[in-house]
Amino acid sequence: MTDQPIPPDMTTAPVLLDVRGVTVEFVSKGQPPARAVECVSFRLRKGEMLGLVGESGCGKTTLMLALLRLLPEAGRIVCGQIDFLGRDLLALSEQQMAEVRWTGISIVFQGAMNALNPVRTVGDQIAEALVRHGTLAPALHSGASAGVARNKKAAAPRVGELLELVGIGANRSGQYPHQYSGGMRQRAMIAMALACNPQVVIADEPTTALDVMIQAQILELLDTLRHRLGLSVILVTHDLGVVAEVCDTVLVMYGGVVAEYAAVDTIFNDPQHPYTQRLLHAFPDLSKPEEALVSIPGYPPRLDALPPGCRFAPRCPVAFERCHVEPPALHRLDGFHWASCHLVSNQ
Amino acid sequence: MTAQTDITSLSGLWRGFRGNRMGVIGLVMLLLAIGMAVFAPALAPYDPKAPVKVTIDNIYAPPSREHLLGTDDAAKDVLSQFIYGSRVSLTVGFFAAFISVAIGGWIGVTAGFWGGKVETGLMRFTDVMLVIPDLPLAVVIVALTQPSLWNIIFVIGILGWTGTARLVRSKTLSVKERKFVLRARAIGAGNGYIVRRHILPLVLPLLVVNTVLVISLAILNESTLSFLGLSDPTTLSWGQMLNYAFTRGAMSAGAWWVLAPPGFGIVWVVLGCTLLGQGLERVLNPRLETHHLAVGRQMVVSRVKGSEVRGSEGQPTDTLTL
């Protein structure tokens, strides 16, 4: 095990997750289907941390649930392809998919209190995943022999190890969620996500409802664990500061579509999509304390009343006629920079 | 400090329950009744079915030293009948309630968890069962089948589950939307596992309370059926004692000692069940007891208490008596 950061190489590291043109619709009786996510594509390489940013309701969580095929009953993945290690997840049977969940891709849910069953101990719930998948492989790369967890008792040492990994004493595994603090619960959720040594961890707003100090701790923990265990992480967040600090690549979503997708430096230094530009302006920058914050007027589009053209057009200060009638395609600007805007295609 | 009762362990449950006086009274009442039923042969002074000695004096003999609760029309000891009668009443109550809760719980969880057509089908069936008046249907079924003890249990059991089913379904609906169910699914858990390990533990407290309340209903139903003469004539229950007292002229003979004991027994057990059920409910659902708005008032009260102590004894005290 090394604590040396793995240098994220966005061009040579093997691709773990290749998402192409995923579209998710929600169907409800007597109404036309609502498109929550449209034609989203991205690639996640080994060791990469991808930041997924966007306003509330822009389809971030829906996209993440679609990756795991855990959409609510009304949700449908109508087209697209999700390749995980060369296998199309959308073509798998429900049983095969159940195997991929947690051993391949795991998720840290938003709001840890709700994601833990209040009447069962934390350790018991972490052991759940171990027993379900029958793996007792100790922390990745440590080389110790992997056992098989047949019951909760056999899983106990590993549960303790996982809790220690996220900075919680192993002796607290017998406690109930209400005996944990908010930050500890979130840590426990991360421990749970790591239980079966997944290659990809989805962290869906892992720091919501935590104060800034705990937020920083949790993000630091995620970053440390990523380097130590060689994980790929998708970090769903509103917080651009967090993204700038820990992410390698950024996917900006707006109204269910990809607005811009690029390496983190490109997004912050050379944003092309007007939405990304406005978003950065709406975020305080400590190095320019004099600069006024500019909010983006208006609201994100409603899914049942999407504008016919570009989804950002009604709020876009630089929109022109074509923006209101024709949705822009995702244009590739250079090596690793995509943006969906007519202005970009004109260049 | 009664911050939050730890209801996840049995000892914690007992600690919380102990403080509820009415609940404890209910439990004691029920335990006394069960004790009486279990130790009936030791407690009963006479054989309840054999007439003592049929002389004219022994028919509807008022309470005396030999017969503490008098005798009935066949010169049988009423106290012994009362003691033995508790066996049938409680047996029917417990078994019928068990059947009811098992059916209701199963239907409720299935409908709530699977939803869709399964739910529609099961809940419409429940609605139909709910609107059919229980008693006439029970009378018809018992009349058509042989009126044996197990038939009575079965009939009461299969007619009494509707309330449980609806209650359990609504609880299941709310539990299944909780995040940890989605998490369990993400882990790769199947439906059966999720129901067993995540839904049931949260539905169980409701089911326990409901069971206790259904027991009292079942006992009442049994008494009603017996009173209407639909029970097995060879078994002896409180309802049947009432039936005999009613049909064989105890009323006109003014023999209140034949009527009162079984009536009192039924009230005793039903009241015990209700008190116990409500007591359990208060422990398992603490929100009934302390609303979040009530907390503020309690705190103020405790503070005033603390300052009183300080004032009267002249010594500072930093213990808040909550």
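What counts and how
- Each chain carries its own residue numbering, running from 1 in the written order of its sequence.
- Written order determines the labels here, with chains lettered from A and ligands numbered from 1.
- Thresholds applied to this predicted model are a pLDDT of at least 70 for local features of residues and 80 or more for the giving and counting of side-chain atom pairs; totals over whole chains, interfaces and linings are not thresholded and use all residues.
- Helix and strand assignments follow DSSP, with helices taken as H or I runs no shorter than four residues and strands as E runs no shorter than two, numbered in order from the N terminus.
- Partly exposed residues are those whose C-beta has more than 12 but fewer than 20 other C-beta atoms within 10 Å; with 20 or more the residue is buried, with 12 or fewer it is exposed, and the C-beta atoms are placed from the backbone.
- For the purpose of contact definition, each residue receives a C-beta atom placed from its backbone, and two residues are in contact when these atoms lie within 7 Å.
- DSSP-based pairing: two strands are paired if at least 2 bridges between them are found.
- For helices, the fitted line uses only the C-alpha atoms of the stretch in contact; every axis is such a line through C-alpha atoms, and the angle between N-to-C directions lies from 0 to 180 degrees.
- Residue ranges labeled as domains rest on an automatic or database domain assignment.
- Residues are sorted three ways: Asp, Glu, Lys and Arg are charged, Ala, Val, Leu, Ile, Met, Phe, Trp, Tyr, Cys and Pro are nonpolar, and all the rest, Gly among them, are polar.
- By our criterion, buried Ala, Val, Leu, Ile, Met, Phe, Trp, Tyr and Cys residues that link up through C-beta atoms within 7 Å make up a nonpolar core.
- Looking at any residue, its pLDDT shows the predictor's confidence there, from 0 to 100.
- Oblique is the label for every angle not falling under 35 degrees (roughly parallel), over 145 degrees (roughly antiparallel), or within 65 to 115 degrees (roughly perpendicular).
- The hand of a helix crossing depends on one turn: near helix anticlockwise from the far one by less than a right angle means left-handed, and clockwise means right-handed.

1. A few points about the overall build of chain A
Right, so step 1: A tally of regular secondary structure across chain A gives 12 helices and 12 strands.
Right, so step 2: Here the C-alpha coordinates of chain A stretch approximately 65 × 50 × 40 Å along the principal axes.
Right, so step 3: Taken over 347 residues, chain A has a buried fraction of 43%.
Right, so step 4: For chain A, long-range pairs separated by at least 24 residues make up 64% of all intrachain contacts whose partners lie at least 6 apart in sequence.

2. A closer look at the sheet that holds strand 2 (residues 34-45) of chain A
All names here are of chain A.
Right, so step 1: With antiparallel pairing, four strands are arranged side by side in an open sheet as 2-1-4-5. Looking at strand neighbours, the two that pair on one side only are strand 2 and strand 5 (87-88), the edges of this open sheet.
Right, so step 2: Running at roughly 65° to strand 2, helix 1 (residues 60-67) makes contact with strand 1 (15-26), strand 2 and strand 4 (75-84) of the sheet.

3. Describing the environment of Asp47(B)
Right, so step 1: For Asp47(B), the location among the structural elements is in the loop between helix 3 (40-43) and helix 4 (78-114).
Right, so step 2: A C-alpha to C-alpha distance of 6.7 Å links Asp47(B) and Ser80(B), two positions 33 residues apart in sequence.

4. Considerations on the domain arrangement of chain A
All names here are of chain A.
Right, so step 1: Under the domain assignment, chain A is made up of domain 1 (1-104 + 200-287) and domain 2 (113-197).
Right, so step 2: If you list the elements that add at least two residues to the side of domain 1 that touches domain 2, you get helix 2 (94-103) and helix 7 (212-229).
Right, so step 3: Among the elements that line the side of domain 1 that touches domain 2, the one with the most residues is helix 7, at seven residues.
Right, so step 4: A breakdown of the residues in the side of domain 1 that touches domain 2 according to their chemical character gives 12 nonpolar, three polar and no charged.

5. Re the interface of chain A and chain B
Reports often express the size of an interface as the amount of accessible area lost when the parts come together.
Right, so step 1: Opposite the 20 residues of chain A that make contact, chain B presents 15 residues.
Right, so step 2: A class-by-class count of the residues in the side of chain A that touches chain B yields 11 nonpolar, four polar and five charged.

6. Considering the sheet that holds strand 8 (residues 232-237) of chain A
Residue and element names in this part refer to chain A.
Right, so step 1: Sheet architecture is open: eight strands sit in the order 6-7-8-3-9-10-12-11, paired in mixed fashion. One side of each edge strand has no neighbouring strand; the edge strands of this open sheet are strand 6 (105-108) and strand 11 (331-334). Adjacent strand axes in the sheet meet at a mean angle of 20° when their direction is disregarded.

7. So, helix 1 of chain A
Residue pairs three or four apart in sequence face the same way in an α-helix, which turns once every 3.6 residues.
Right, so step 1: For helix 1 of chain A, a buried count of eight out of eight residues is recorded, marking the element as mostly surrounded by other parts of the structure.
Right, so step 2: Where helix 1 of chain A is concerned, the buried positions are Lys60(A), Thr61(A), Thr62(A), Leu63(A), Met64(A), Leu65(A), Ala66(A) and Leu67(A).

8. Digging into the pairing of strand 9 (residues 249-254) of chain A
All names here are of chain A.
Right, so step 1: Across the six residues of strand 9, six count as buried, placing the element largely inside the fold.
Right, so step 2: Where burial is concerned, the two faces of strand 9 agree: the one with Thr 249, Leu 251 and Met 253 and the one with Val 250, Val 252 and Tyr 254 are both buried.
Right, so step 3: For strand 3 (residues 49-53) and strand 9, the ladder comprises four bridges, and the chain directions are parallel. Residue pairing across strands places Leu 52 opposite Leu 251, the latter belonging to strand 9.
Right, so step 4: With six bridges connecting them, strand 9 and strand 10 (residues 257-263) associate as antiparallel partners. Looking at strand 10, one finds that Val 250 is bridged to Ala 262.
Right, so step 5: Hairpin geometry of strand 9 and strand 10 is characterised by an intervening segment of two residues between the two adjacent antiparallel strands and by a positive phi of about 55° at Gly 255.

9. Quick look at the environment of Ala193(A)
All names here are of chain A.
Right, so step 1: Within the secondary structure, Ala 193 sits in helix 6 (residues 182-194).
Right, so step 2: Assessed through the 30 C-beta atoms surrounding it within 10 Å, Ala 193 is described here as buried.
Right, so step 3: Between the alpha carbons of Ala 193 and Ile 105 there is a distance of 8.7 Å; along the sequence they are 88 residues apart.
Right, so step 4: Each residue touching Ala 193, except ones within four places of it in the same chain, is listed here: Ser 106, Ile 107, Val 108, Pro 198 and Val 201.

10. Brief notes about the nonpolar core
As a rule of thumb, nonpolar side chains are buried together in soluble globular proteins.
Right, so step 1: In terms of nonpolar packing, the biggest core is built from 169 residues, with Ile202(A) and Ile234(A) touching the most fellow members.
Right, so step 2: For this core, the element with the most residues is helix 10 (residues 191-227) of chain B, which contributes 17 residues.
Right, so step 3: Excluding anything up to four places from it in sequence, Ile202(A) contacts Met64(A), Leu67(A), Ile105(A), Ile107(A), Val108(A) and Ile234(A).

11. Overview of the confidence of the model for chain A
Right, so step 1: Residues with a pLDDT of 70 or more make up 91% of chain A, whose mean pLDDT is 84.
Right, so step 2: Confidence drops under a pLDDT of 50 for residues 1-8 of chain A, and excluding neighbours within four residues, the segment shows 13 contacts in the predicted structure.

12. A word on the packing of helix 6 of chain A against helix 7 of chain A
Residues and elements named next belong to chain A.
Right, so step 1: With their axes 10 Å apart at the nearest point, helix 6 and helix 7 run at an angle of 15° to one another. Between helix 6 and helix 7, the interaxial angle falls into the category roughly parallel. The interaxial crossing formed by helix 6 with helix 7 has right-handed handedness. Taking contact as the criterion, the partners of Gly 182, Gly 183, Gln 186, Arg 187, Ile 190 and Leu 194 in helix 6 are, on helix 7, Ile 214, Gln 217, Ile 218, Leu 221, Leu 222 and Leu 225.

13. Some details on the packing of helix 4 of chain B against helix 8 (residues 162-176) of chain B
Residue and element names in this part refer to chain B.
Right, so step 1: One way to put it is that helix 4 packs onto helix 8 with a least axis distance of 7 Å and a crossing angle of 35°. Regarding helix 4 and helix 8, the two cross each other, and that crossing is right-handed. Contacts from Ser 100, Val 101, Gly 104, Gly 105, Ile 107, Gly 108, Val 109, Ala 111, Gly 112 and Phe 113 of helix 4 reach helix 8 at Thr 162, Thr 164, Ala 165, Arg 166, Leu 167, Val 168, Arg 169, Thr 172, Leu 173 and Lys 176.
Right, so step 2: Of the residues belonging to the contact of helix 4 with helix 8, the class tally is nine nonpolar, eight polar and three charged.

14. A look at the confidence of the model for chain B
Residues and elements named next belong to chain B.
Right, so step 1: Mean pLDDT over chain B works out to 80, with 81% of the residues at or above the 70 mark.
Right, so step 2: Considering only residues more than four positions removed or in separate chains, one finds that residues 306-317, a stretch of pLDDT under 50, has seven contacts.
Right, so step 3: Interface confidence for the predicted complex, given as ipTM, is 0.72, next to a pTM of 0.73.

15. Description of unusual backbone geometry
All names here are of chain A.
Right, so step 1: If you check the backbone angles, Leu 85 has positive phi at about 55° while not being a glycine.
Right, so step 2: You can see Leu 85 is positioned in the loop between strand 4 and strand 5.
Right, so step 3: Positive phi outside glycine occurs at Glu 205, with the angle close to 40°.
Right, so step 4: Tracing the backbone shows Glu 205 in the loop between strand 7 (200-204) and helix 7.

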